[in-house]
Amino acid sequence: MFIFLIAQQRTHWILSQIQFFLYFLKKKSFSDVSLFRNTFLFIINPEEETVLSKGWMSFILLTYVECLWTVFSLELVVAEYHRKIKEAFEVFDHEANNTVDVREIGTIIRSLGCCPSEGELHDLIAEVEEEEPTGYIRYEKFLPVMTEVLLERRYRPIPEDTLLRAFEVLDSSKRGFLTREELIKYMTEEGEPFSQEEMEEMLSAAVDPESNSIHYKDYIAMMVVDES
Amino acid sequence: MGCGTSSSTKDRKSEKALKAALVIQNWYRGYSARLKARQRYALTIFQSIEYADEQGQLQLSNFFSFMLENYTQIHEKDPELVARLFGRTLQDSKDRQEYVSFVDVPDSYNGPRLQFPLTFTDIDLLVEAFKQQQILHAHYVLEVLFETKRVLKQMPNFTQVKTSPTKEITICGDLHGKLDDLFLIFYKNGLPSGSNSYIFNGDFVDRGKHSMEILMILFVSFLVYPNDLHLNRGNHEDFMMNLRYGFTKEILHKYKLHGKKILQILEDVYTWLPIGTIIDNEILVIHGGISESTDLNLLHRIERHKMKSVLMPPISIDEDQDTDLKKTKTGANVVPREGKTNESPSEQLPKHEWEQVIDILWSDPRGKRGCYPNTSRGGGCYFGPDITSKILNKFQLKMLIRSHECKPEGYEICHDGKVVTVFSASNYYEEGSNRGAYIKLCCDMTPRFFQYQVTRATCLRPLYQRVNTMESSAIRILKERMLSRKTDLIRAFQLQDRSKSGKLSMGQWAFSMENTLGLNLPWRSLSPHLVTTDKNGNINYMSTFQDIHIQKPVKEAQSTLIETLYRYRSDLQIIFNVIDSDHSGLISMEEFRAMWKLFNSHYSIHIEDFQVDELAERMDLNKDGSIDFNEFLKAFYVVHKLEKLNKSDANLL
């Protein structure tokens, strides 16, 4: 669908095009993209007999070509995301009927590289659940929501140095380690508390059996290596 | 919250601590979830490869049909081979004395000695002996097998069991040769006895290293308490499956002198195992599952001992001139043969009965409604909740308990509570892969589930270590599989790589892998373990093969030949074993050549005959005209460059 835009005033119109392009870049979400997908804006300035100066013309045309290119490559990116999400979903879809247990949604989302907090996770689950929660999440509802999350790069993982600083905050006397009791107290009483199972799991890997304490710098280094 | 000076620094401090705790918790949960996802991926890999193998196994039956069609010399020269493949029973009259009496127990033997008739002391004796890693002498093995066959013959196809408020029954699933799991069950739940009933739901053997010990304990317990220990046949209680999945090897290794005899009797014993158990006329316990055509009334009547093996579908002798290949529900081609043999049809089950048994032993429940051929395994079908309801209602049953599939928690309930899967081999694929479970049932009460996991150490290793072990194991077998299809994979990659750059996009690589290997795996998530990616996100596809190669048994042998032989090594082993009817471990060069020619043409492999001849001649180390095929096939193993591999670890046949 081609919309022929007839501009009365050259500069006013050029500014509006730049505005549009910037808005488009900022938003970069799939739903908006599809709206503009087949829109091609041609410019004709009827006031002057000659067409807009070549310089401006090329600038604008290039802008539109870039827009279109972004749109198409975005579509490719989205298609890849879809496949990635599908793969992760299918692994947990035990009955091969495009549903997963709601208790595994957190694992799926995190396995795709996102790190939502428990509260954020609850909100996400609310978005993908049925009106009458069945305990199962359907793929059809999960896919668009997860695609948005990936496109918007929400819930980025915590960088290593932030994590280190967090431990250092808890280690107020700057000893370089936390005792078992201290870690338990913080993890089970502050923030979004751990369950007993989570606490035990963390301790089994983090505690140095000889000193019965957590040398967090080593611990972080070990975990990071394991993930790569 | 409350007492003390509420100075702003204190507030700020606790706020900082709160934020820090949140960061750590957030990070940890993300990490833990990714670990669990990796564990799942590893499980998926193990499972897909296992099922793909089973499928390959079942397709062998095509080859056998083909072989018999074309290998005309066999009929004259080797009637025994024909008999094996057509499922004719060994002369049943092979006297028990003839076998057992020739096997003497030397005085120097300090293993367990059983006293016939067996009593509960013999069960204890065996359990204690096996805990000490002792091996039961072949004499006793044979006696037990003969006695078991005699007693089993008197049992109906479906054992009827009643529970009472004072008498519960315990149901265990697949054990697959994992003796530690059986010991753990007995430790937690007590040995079988008159007041402690058990049902073992098939697949006692194969894969694990102690299939023989498990079988002996189960059979002896059965002989002592025939009304309280019930055995169901599983798809691995099948001599053909044992050939591929390790039990035959275990027997021949542990019983070098008398292994062959044991194998021959075992074939028969399997066929007399009951098909299933029915509890209180309400609960059906079978190994695999059902299909839409399952007819319990029919199954009650069939002659179950005629069901030899899943690889031996009945041939329709009296089929007419129609030579169209008919695809059965299993996908196996049943070629009607025109009476090429003097095989009497009464030695086999009619086709529809055979299919019914296959469905019972091989089917899997799925969420999708309806009944579909089980394409992953190649046998039986996938049955949906509607099928379950229909069949259960038709025969006035309330629940189906089955095994056959490994579940991470050891058990799984599906189809609205009507189908329960119980699996009793923990750490089935790898240490840490899954729990085992058993069920205790009583009258009208809801079933209770008990889970466990065998560990070598006294305490559980941290999760990340367990996941790492599982993951590396899974990736290894996946890589070996990829290697066995190297030529096909490279061709697929090159087809997509128009510009010959050596690179493909993630989507193209994943597509080629899935199509060529036929495994439905999360390729994108697995790619970091399998290939290298450049900074643009494109994959160097040749890096798929960088860390591993097949050890060439003979230096001059060509790669494609090696690859093909490696790929078909399991099939070849079975074929050789079948040809080698006297279990000598050797076949003649002539047999090898003829068999290879057939294999070549049936599987459309493009290997020149002379190449294989050359290879075989080199394998015939003592130049006596016969090939030790186990040695031949052992020579092909995969070397993983990044790991220290000792030969005993090599995941081969």
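Residues numbered from 1 in each chain as written. Chains lettered and ligands numbered in written order. Predicted model: local features only at pLDDT ≥ 70, side-chain atom pairs only at ≥ 80, totals over all residues. Heavy atoms only, no water.

Taking an unreviewed UniProt entry as the reference, chain B is identified by name as Serine/threonine-protein phosphatase with EF-hands belonging to Neovison vison. Chain B has a UniProt comment under Sequence similarities (unreviewed entry) that states "Belongs to the PPP phosphatase family." (UniProt positions renumbered as here; feature names shortened; annotations may be inferred.)

Undergrad: Mind laying out the overall build of chain A, listing which residues take part and the relevant values?
TA: A count of helices and strands for chain A gives ten helices and six strands. The buried share of chain A, reckoned over its 228 residues, is 39%. Accessible area of chain A: about 13,400 Å², with a carbon and sulfur share of 58%. (Helix = DSSP H or I, 4+ residues; strand = E, 2+ residues; numbered from the N terminus. Buried < 20%, exposed > 50% of the residue type's maximum accessible area, 1.4 Å probe, protein only. Areas by Shrake-Rupley, 256 points an atom, 1.4 Å probe, with all protein chains shown as cover.)

Undergrad: Explain the overall build of chain B to me, and be specific about the residues and the numbers.
TA: Tallying secondary structure elements over chain B gives 23 helices and 23 strands in all. Within chain B, buried positions represent 60% of all 653 residues. A separation of at least 24 residues holds for 74% of the contacts in chain B among residues at least 6 apart in sequence. (Contact = heavy atoms within 4.5 Å.)

Undergrad: Describe the interface of chain A and chain B, and please don't skip the residues or the numbers.
TA: Residue-level contacts link 44 residues of chain A with 42 residues of chain B. The junction of chain A with chain B conceals about 4,100 Å² of combined surface from both sides, 61% of it contributed by carbon and sulfur atoms. Where chain A packs against chain B, one counts four salt bridges. Note that A:Glu80 is salt-bridged to B:Arg524, the shortest N-O span being 3.0 Å. Summed over the shared surface of chain A and chain B, the result is 16 residue pairs in polar contact (both at pLDDT 80 or more). Top element by residues in the side of chain A that touches chain B is helix H3 (residues 54-92) of chain A. It accounts for eight residues. Among the residues making up the side of chain A that touches chain B, the classes are represented as 22 nonpolar, eight polar and 14 charged. (Buried area = accessible area lost by both parts, 1.4 Å probe. Salt bridge = Lys/Arg side-chain N within 4 Å of Asp/Glu carboxyl O. Polar contact = N/O pair within 3.5 Å; in protein donor to acceptor, adjacent residues only side chain to side chain. Nonpolar A, V, L, I, M, F, W, Y, C, P; charged D, E, K, R; others polar.)

Undergrad: A description of the side chain of B:Asn427 should follow, citing residues and the corresponding values.
TA: All names here are of chain B. If you trace the backbone, Asn 427 turns up in the loop between strand E14 (419-422) and strand E15 (436-441). Relative accessible area serves as the criterion here: at 11%, Asn 427 is assigned to the buried category. Here the side chain of Asn 427 touches Gly 432 through a polar contact of 2.9 Å, landing on its backbone nitrogen. Each residue touching Asn 427, except ones within four places of it in the same chain, is listed here: Lys 178, Gly 432, Ser 433, Asn 434, Gln 453 and Val 454.

Undergrad: Give me the sheet that holds E14(B): which residues, what numbers.
TA: Two strands in a sheet stick together by hydrogen bonds in their backbones, pointing the same way (parallel) or opposite ways (antiparallel). Residues and elements named next belong to chain B. Taking strand neighbours across the sheet as the criterion, the six strands line up as E1-E5-E6-E12-E14-E13 in an open arrangement whose pairing is mixed. In this open sheet, the two edge strands, each paired with only one partner strand, are strand E1 (158-161) and strand E13 (411-414). Going from strand to strand, the sheet's axes swing by 20° on average, the running direction of each strand aside. For strand E5 (residues 276-279) and strand E6 (residues 283-286), the ladder comprises four bridges, and the chain directions are antiparallel. Considered in E6, the bridge of Gly 276 is made with Ile 286. (Pairing = 2+ DSSP bridges. Axes fitted to C-alpha atoms, helices over the stretch in contact; angles between N-to-C directions.)

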